[in-house]
Every structure is written in C-alpha cells, then in structure tokens.
Amino acid sequence: MQKPDYSIRTMTRSEVSLAIDWAAREGWNPGLQDADSYYAADPNGFLVGLRGAEPVACTSVIRYGDSFGFLGFYMVRPEYRGQGYGIRIWNAGLKYLQGRTVGLDGVVDQQDNYRRSGFTLAYRNIRYAGSGGATPGLTSADTDTATLVELATLPPGVLEGYDRAFFPDDRRRFIHHWVQQPGCQALGILQDGVLAGYAVMRPCLSGYKVGPLFADGPELAETLFVALKSRLGAGDTLYLDTPEVNPAAVMLAQRHDMTVAFETARMYTGEAPVLPLQRIYGVTSFEVG
C-alpha cells in the first residue's frame, strides 16, 4: 500500500494549541495559557508536518527582529518516529530562519545531533522545583531601597525597554502578551523610580513557573522571587529555570530548598549572543527563548 504524502505547512492558531498538548504528553509541563503568547511572537513561526491530513510532526521557529530566531517544540508523534518526518520538518524550520543566529534549549542527550546541524553549546539551563509559600528560615530580602509594583501599572514601553537588554533581538510583541496572559502574576521592582527587574509567574499543567526573572542584582531578584512565591500555598509546586553560568541564580534556587528537576543545553548557531547572564535568574521559556 502506498504511504500517504508528507507535507509541511504553517500552523493555524488552533494547531499551536495541539503542539502544546503534545508537549504536555512529553512531560514538558507547558503553561496553561502559553499558546496565545507564542503565536503572537511570530504567527508564521509554527510548522506542522502532515502525513496525508494527519499531523505527525511539529516545530516552532520564531523570528525575532531581523537577526535572531529560536527553535523549539521539535516533536514527532511516537508512532511515527524513525521514518524521516522529523528531519524534514527540522530542515524546513532552519530554512525559515536562514541568515539568522538561531538558539534552542535541547535535551542534553541530543547535543550531538544538534551539533551536526551547526549548533554549539553555550551553557546549561537547570530547572529547579520547589514549594510555594514562605521558605523556613528565610525572610524577604531587604526592600528599603526598592519598591515592588504590578507591571500593569507601569507606563507603556517601560517594560519592553528594560527587557530589550536580555534578549538578542526585538521581542516586544511577545512580551506584551506574555505578561498579560490569564492567571499570571507579573511584578516589577523599582529603584529610585527606575525599573531594575521584573518577574512573571504563570500556572502550568503542573504547578507554576517563574520566568522570566531578570534583575540588576541578587537582592532585587530574591525580592521578586519571594513576592511571587509567597502568593502560592505550601502545597503548590514552583519551578525556576536558571542559567547554570549565573551562580547567584543557582544559589537563589538552593536557598529556597529547590531541587534539580531537569536540564537543557542552550545552543546557538554561529556566535552566541552577548547577554547579561549575571542578571538573568530565570529563563522566560525553553520553547521560545
């Protein structure tokens, strides 16, 4: 019997939700409301591979600005693996991002495969898991010189301007949606009236994730983290994805009795972007950067 034809095309918005469902089955624990923000980042950046009319593979290849792209959601349904569907959608995705520096957060045991496509390891990201509520023996960081605010109260453009330093190219459209997704908590911290950090906590299939967590110093990062953590109950699970190359971020997680749950290899094609990694305490998303 002849096999159905295999085709690749751009996903519709509803198919982005399908990709997130697949990610949930893989144990990636996506946010409950992530799809709208991901789609807003680049409506043309989600690809689906179809065996006849049946979706069997997907990937996201988000274009940011003119120079950067991020690859994620690379999946083939288990029953169709090993048949060439994955590599074909992978190549189609890289073609869409041709001419850009491309980043990804891949599972560690696939690093050799990514290297064959031109990716080089930059550092590891470590996912820590812990509990909500107060941390025994720890109090909130000193906020005498800083003020916590809801991000929604800041003037337009302030958040996007601050965020720009932490990402290789323009992602204003994504961030605008990310901090307003239903169910999320989004806080900023001001020093002398100037934004010096912000953090977002969102509900996921299991527990909650904090990401991003950006701050101009470890005390500011801890103040933001404690404020969000305290909004949860002790029975809630909280996740924080930290760049291992930022020792202060790792120490923050450890101080709050969080344990390693997962890790990824942050890899790039070409030269790795120069980012203020010592001010990144929590990664926004393994799927879209």
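Cut-offs and rules
- What you see as residue numbers is a count from 1 along each chain, following the sequence as written.
- Only residues with pLDDT of at least 70 are given local features in this predicted model, and only at 80 or more are side-chain atom pairs given and counted; all residues enter the totals for whole chains, interfaces and linings.
- To obtain the side-chain values, all non-hydrogen atoms of the structure were used and water was disregarded.
- By definition, any uninterrupted DSSP run of H or I lasting at least four residues is a helix, any uninterrupted run of E lasting at least two residues is a strand, and each is numbered from the N terminus.
- To sort residues, take the accessible area from a 1.4 Å probe on protein chains only and compare it with the maximum for the residue type: under 20% means buried, over 50% means exposed, and anything in between is partly exposed.
- Where accessible areas are quoted, they stem from the Shrake-Rupley method and a 1.4 Å probe; at the residue level, only the protein chains shown are allowed to cover.
- Grouping buried Ala, Val, Leu, Ile, Met, Phe, Trp, Tyr and Cys residues that are joined through side-chain atoms within 4.5 Å yields what is termed a nonpolar core.
- Salt bridges, as used here, are contacts in which a Lys or Arg side-chain nitrogen is within 4 Å of a carboxyl oxygen on Asp or Glu.
- Under this scheme, a helix contributes an axis fitted over its contacting stretch, all axes are lines through C-alpha atoms, and angles between N-to-C directions fall in the 0 to 180 degree range.
- An angle counts as roughly parallel when it lies under 35 degrees, as roughly antiparallel when it exceeds 145, as roughly perpendicular when it falls between 65 and 115, and as oblique in every other case.
- With the far helix as reference, a near helix turned anticlockwise by less than a right angle produces a left-handed crossing, and one turned clockwise produces a right-handed crossing.
- When checking whether two residues touch, look at their non-hydrogen atoms; a contact exists if any pair is within 4.5 Å.
- The nonpolar class holds Ala, Val, Leu, Ile, Met, Phe, Trp, Tyr, Cys and Pro. Asp, Glu, Lys and Arg form the charged class, and all remaining residues, Gly among them, are polar.
- As used here, the arc belongs to the directions running from the helix axis to the C-beta atoms.
- Two aromatic rings from Phe, Tyr or Trp, using only the six-membered ring of Trp, form a pair when their centres are within 6.5 Å; if the ring planes differ by under 30 degrees the pair is stacked, by over 60 it is edge-to-face, and anything between is tilted.
- Any Lys NZ or Arg CZ found within 6 Å of a ring centre and within 35 degrees of that ring's normal is scored as a charge over the ring.

The protein is annotated in an unreviewed UniProt entry as GNAT family N-acetyltransferase of Marinobacterium rhizophilum.

K.L.:
Can you break down the overall build of the protein residue by residue, with the values?
P.N.:
Of the regular secondary structure elements, the protein holds eight helices and 13 strands. Each of the three principal axes of the protein carries a C-alpha extent, and together these read 70 × 40 × 35 Å. The buried share of the protein, reckoned over its 289 residues, is 53%. About 12800 Å² of surface is accessible on the protein, with carbon and sulfur atoms providing 51% of the total.

K.L.:
Describe the nonpolar core, naming the residues involved and giving the relevant values.
P.N.:
In terms of nonpolar packing, the biggest core is built from 43 residues, with Tyr38, Tyr64, Phe73, Val179 and Tyr198 touching the most fellow members. With five residues, the single largest contributor to this core is helix H1 (residues 13–25). In this structure, Ile126, Leu187, Ala215 and Ala227 belong to the second largest nonpolar core, which totals 26 residues.

K.L.:
I'd like a description of the pattern of salt bridges, backed by residues and values.
P.N.:
Pairing is possible between side chains of opposite charge, provided their charged atoms come close. By the definition in use, this model includes 17 salt bridges. Residues Arg9 and Glu15 are paired through a salt bridge, measuring 2.7 Å at the closest nitrogen-oxygen approach. Of the residues examined, Glu15 reaches a relative accessible area of 13% and is grouped as buried. Residue Asp112 is joined to Arg115 by a salt bridge in which the shortest nitrogen-to-oxygen separation is 2.8 Å. One end of the pair is Asp112 and the other is Arg115, both in helix H4 (residues 111–116) and three residues apart, which spans about a single turn. On the basis of relative accessible area, Arg115 is assigned to the partly exposed category, the value being 40%. Connected through shared salt-bridge partners, Glu54, Arg77 and Glu79 make up one network.

K.L.:
Summarise the packing of H1 against helix H2 (residues 34–41); cite the residues concerned and give the values.
P.N.:
Between H1 and H2, the least distance of the axes is 9 Å, while the angle of their chain directions is 120°. Here H1 lies oblique to H2, going by the angle between them. Crossing hand, H1 versus H2: right-handed. In contact with Arg13, Val16, Ser17 and Ile20 of H1, H2 contributes Asp34, Ala35, Asp36, Tyr38 and Tyr39. When grouped by side-chain class, the residues that make up the contact of H1 with H2 number five nonpolar, one polar and three charged.

K.L.:
How would you explain helix H8 (residues 247–255) if you had to name every residue and give the values?
P.N.:
Buried residues of H8: Ala249, Val250, Leu252 and Ala253, and no others. Viewed along the axis of H8, the buried residues span an arc of 155°, placing them on a single side of the element. Looking at the buried side of H8, the elements it contacts are strand S6 (119–131), strand S10 (208–215), helix H7 (218–229), strand S11 (237–243) and strand S13 (280–282). A positive phi of about 60° marks Asp257, the residue just after H8.

K.L.:
So what about the environment of Gly118? Which residues, and what values?
P.N.:
In this fold, Gly118 is placed in the loop between H4 and S6. Once the C-alpha coordinates of Gly118 and Gly188 are considered, the two residues, 70 residues apart in sequence, prove to be 37 Å apart.

K.L.:
Hey, could you go over the packing of aromatic side chains for me, with residue numbers and the actual values?
P.N.:
One pass over the full model with this rule turns up 18 aromatic pairs. Centre to centre, the rings of Trp90 and Tyr114 are 5.6 Å apart; their planes meet at 15°, and the pair counts as stacked. With Trp90 in helix H3 (residues 85–96) and Tyr114 in helix H4, this pair connects stretches of sequence that are 24 residues apart. Of the two residues, Trp90 and Tyr114, neither departs from the other in class, the shared state being buried. Here Trp90 and Phe119 contribute two aromatic rings whose centre-to-centre distance is 5.9 Å and whose plane-to-plane angle is 55°, an arrangement assigned as tilted. Of this pair, Trp90 sits in helix H3 while Phe119 sits in strand S6; the two residues are 29 residues apart in sequence, bridging distant segments of the chain. Grouping aromatic residues by their ring pairs yields a cluster made of Tyr38, Phe46, Phe73, Phe174 and Trp178. The aromatic ring of Tyr96 is capped on one face by Arg63, whose charged end is 3.8 Å from the ring centroid.

K.L.:
Got a sec to walk through the side chain of Asn246? Specific residues and values, please.
P.N.:
Note that Asn246 resides in the loop between S11 and H8. By relative accessible area, which is 0% here, Asn246 ends up buried. In contact with Asn246, other than residues within four places in its own chain, are Leu277, Gln278, Arg279, Ile280 and Tyr281.

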